[in-house]
Amino acid sequence: MAQIRTRKSANARALDPVTFEILRNSFSNSVELMAQQFRLTCHSFVIYAQDFSCGLADANGDTVSQGEQDIAVQVGTQHLVCKNIIEEYQSDIHPGDVFVSNDPYAGGTHFNDVRVLRPIFAGDDLIAWAMANGHWSDVGGSVPGSFDVRAREHFGEGLRISPVRVWSRGDFLSDVAKLIVGNTRAPEDNLSDLNSQAEATRVCEREILRLVGRYGKGVITLAFSEVIAHVAALFRSRIAELEDGTWTTSDYLDSDPAHGEGMIPITVSLTIKGDQLSYDLSKSSPAVASFMNSAAGATLSGIIAGTKRFFPDIPINAGLINSINVELGPVGSVINAAWPTAVSGFVSGSFEKVISAIFELWSQIMPERAIACSFNLEYLLIGGRDVRLAERPIFMWYDWMVGGWGARNGFDGASAASALFGAGFASQPIEGQERLNPVVTTHCRIVADSGGPGEFRGGCGVEKGGQLTDAELTIMSYCCDRSRSIPWGVSGGLPATPQGLWMNPDSPRAEYLGAVFSNVELVSGDAFSRPSSGGGGFGDPLNRDLQAVLDDVIDGYVTTSRAGLDYGVIINSADPTIHNWIVDSDATLSKREYIRQNRHTWLAEDAEVIARRYRSGELSQLDLIRQYGVIVEWGTGELLVNTTKQHRELLRQRAATSWAH
């Protein structure tokens, strides 16, 4: 048996160091085995592409360990859902029970994220919980995929599953399960995933009880508390090393449909005092008239994920979570939505803006780890009738893309990377998508010039296009943002590119649908294309190394035109067929000086005149965004007056103040 020492101080461990390390890693391994079981037995392609997470909690619902590849948004809410079930059922929890919940107003995220939780008993004592969370591709609602941007209340978003028992003392309650999956468009898929999640939690239960058999129940429960306490002590000691102070910034949603154009602020204040870290989001905007709002649990996840990036060596469990004070302000805001406010689009809305704002704040506190804004998660959902397969008449093509991360202090940003929403996300194999759905991918490629210019360039985004083939009664929905609140640079860096979808591009029927829409009807033969944004730049682009710009041109990340306009580097072609490019040093010196003398003035030019020049074709989209600070409706060229004022002010704050005259 393991040695248990008498505790002598608040920081001392009762367990001997060897046992502590063995059990700490064993807890993590039990979660990894659970995750492996889930991924290998799930039925949904979306879950197989790793839109899931797993965790282990103690008897109180406090997280002990999580999966290494868990997507960020689910990590910070696991314990909230568990605690809600404990509160709801109290003493009515038994061995063999399995509970299901997807309730965003009870600690969850959105309705597609369905959580399955199993209590773990050692004898008669409840000692832990195993948790498997998976994104079901459809949970009902008004549109396929359950993402209706027009929804004002959750009733149009799908089935709300408040905590319910689906296995009782080991017996499967098939009527309850059928009631749940029968209200979705993919009942067989979802029933299979439900069983997969339940069996995955059984794997975790098996591993924990194996440890109980070896070490004893008392040692295991003590190890739970010590693993949590270890993370808390480690995190607080790191906070205590930092300077006291308060830092504040805002990131923005593109708009609120109920209040015309103008970006919607999500304001975050960070305070360090001694070893205590606190966040205050109470000055954020009221809830918006779309599904971009976030309930409290999802916002907490954004706070945890944003903080974790600057402490990569510290695990996430209750020790970290409970060491952070969070003030969300009154219920009813865009980051603290109240029932029944629509929240499904939080994934591309409030959640990622919270993370980006926190990144900016920590970049000021830890400049050595500073990072600019990254691209925004986007979901494209196409659902309807697949006329090829009588046995699977309803299809849901559910796609997300990679994009560019913000440039860092001393490094270019990562290109074609997973979103902040879930770094463990896998890119869905195109071959698998085409096998399962009547949608053919026409192209998938890096977008040149999409990375924000800077001394260190933001990562590049990706453009992906597709075409509908043998389908009927088909609907498209798109959940995105950053068409107007474009990923920004820092310390003099410039913005990246906007996101948005074009229908039938390169044809007389071309139409820009924007970054957020639902219920668009498609017919066979319709095509679409959408680019993900790059990341913002870091540092003054006029300070970028000439060879680095030349390498970017050779690699196809930057065009020769934008090399001159954004970096002031004039590159001529000696032989473009073999990528033989030459920097004109004299012309570059002249161009950089010209930009240096004029760029502050460009930000003050008449915005309507600039918009008119865009509509005439004289100026490009990137000219407006990066040189003149002007935002228009990209499909029509109409000036967005309020948004332009906000964009220009942000450019002055994050870029122009660092430019030399």
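Model, not experiment: these values are computed from the prediction. (Residues numbered from 1 in each chain as written. Predicted model: local features only at pLDDT ≥ 70, side-chain atom pairs only at ≥ 80, totals over all residues. Heavy atoms only, no water.)

Q: So what exactly am I meant to see when it comes to the pattern of salt bridges here?
A: A side chain with one charge can pair with a side chain of the opposite charge if their charged atoms come near. Scanning the entire structure with this criterion turns up 34 salt bridges. Between R202 and E199 there is a salt bridge, with its nearest N and O atoms 3.2 Å apart. You can see R202 and its partner E199 sitting in helix 6 (residues 187-215), 3 residues apart, about one turn around the helix. The class of E199 is partly exposed, set by a relative accessible area of 35%. R388 serves as the salt-bridge partner of D386, at 2.9 Å between the closest nitrogen and oxygen. (Salt bridge = Lys/Arg side-chain N within 4 Å of Asp/Glu carboxyl O. Helix = DSSP H or I, 4+ residues; strand = E, 2+ residues; numbered from the N terminus. Buried < 20%, exposed > 50% of the residue type's maximum accessible area, 1.4 Å probe, protein only.)

Q: Would you take a moment to explain the side chain of D103 for this structure?
A: Examined against the element boundaries, D103 turns out to sit in the loop between strand 3 (98-101) and strand 4 (113-122). Relative accessible area serves as the criterion here: at 3%, D103 is assigned to the buried category. A distance of 2.9 Å separates the side chain of D103 from the backbone nitrogen of Y105, its partner in a polar contact. Side chain to side chain, D103 and R160 meet in a polar contact 2.9 Å long. (Polar contact = N/O pair within 3.5 Å; in protein donor to acceptor, adjacent residues only side chain to side chain.)

Q: Can you walk me through the domain arrangement of the chain in this structure?
A: It is common to give the size of an interface as the accessible area that goes away when the parts come together. Here the chain is partitioned into domain 1 (10-236), domain 2 (370-544) and domain 3 (603-661). The distance between the C-alpha centroids of domain 1 and domain 2 comes to 30 Å. Between domain 1 and domain 2, the contact holds 23 residues from the first and 26 residues from the second. Among the residues of domain 1 in contact with domain 2, F45, P144 and F147 are the three that bury the most area, contributing 31% of the side total. The interface formed by domain 1 and domain 2 holds 0 salt bridges in total. Of all the secondary structure elements, the ones that give two or more residues to the side of domain 1 that touches domain 2 are helix 2 (45-48) and helix 3 (72-75). By residue class, the composition of the side of domain 1 that touches domain 2 is 11 nonpolar, 6 polar and 6 charged. (Domains from an automatic or database assignment. Contact = heavy atoms within 4.5 Å. Buried area = accessible area lost by both parts, 1.4 Å probe. Nonpolar A, V, L, I, M, F, W, Y, C, P; charged D, E, K, R; others polar.)

Q: Teacher, can you tell me more about the side chain of T249 here?
A: Summarising the element assignment, T249 is placed in strand 8 (residues 245-253). At 2.7 Å, the side chain of T249 and the side chain of E360 are in polar contact. Among all residues touching T249, those that are not within four sequence positions of it are I266, T267, V268, A357, E360, L361 and R654.

Q: Help me out: how do you make sense of the packing of aromatic side chains in this one?
A: We describe a pair of aromatic rings using the distance from one ring centre to the other and the angle between the two ring planes. A full pass over the atoms with the stated rule returns 25 aromatic pairs. The interplanar angle of 50° and the centroid separation of 6.0 Å between the aromatic rings of F99 and W129 together place this pair among those described as tilted. Linking F99 in strand 3 with W129 in strand 5 (residues 125-135), this pair joins segments that are 30 residues apart in sequence. With respect to class, F99 is no different from W129; both count as buried. Measuring from ring centre to ring centre gives 5.9 Å for F346 and F351, while their planes differ by 80°; the resulting arrangement is edge-to-face. Owing to a relative accessible area of 1%, F351 belongs among the buried residues under this scheme. Feature note: the residues F147, F291, Y379, Y398 and W400 constitute an aromatic cluster, connected by ring pairs. The residue whose ring lies beneath R39 is Y48, and the NZ or CZ to ring-centre distance is 4.2 Å. One residue, R309, lies across the ring of F359, its end atom 5.8 Å from the ring centre. (Phe/Tyr/Trp six-rings, centres within 6.5 Å; stacked < 30°, edge-to-face > 60°. Lys NZ or Arg CZ within 6 Å of the ring centre and 35° of its normal.)

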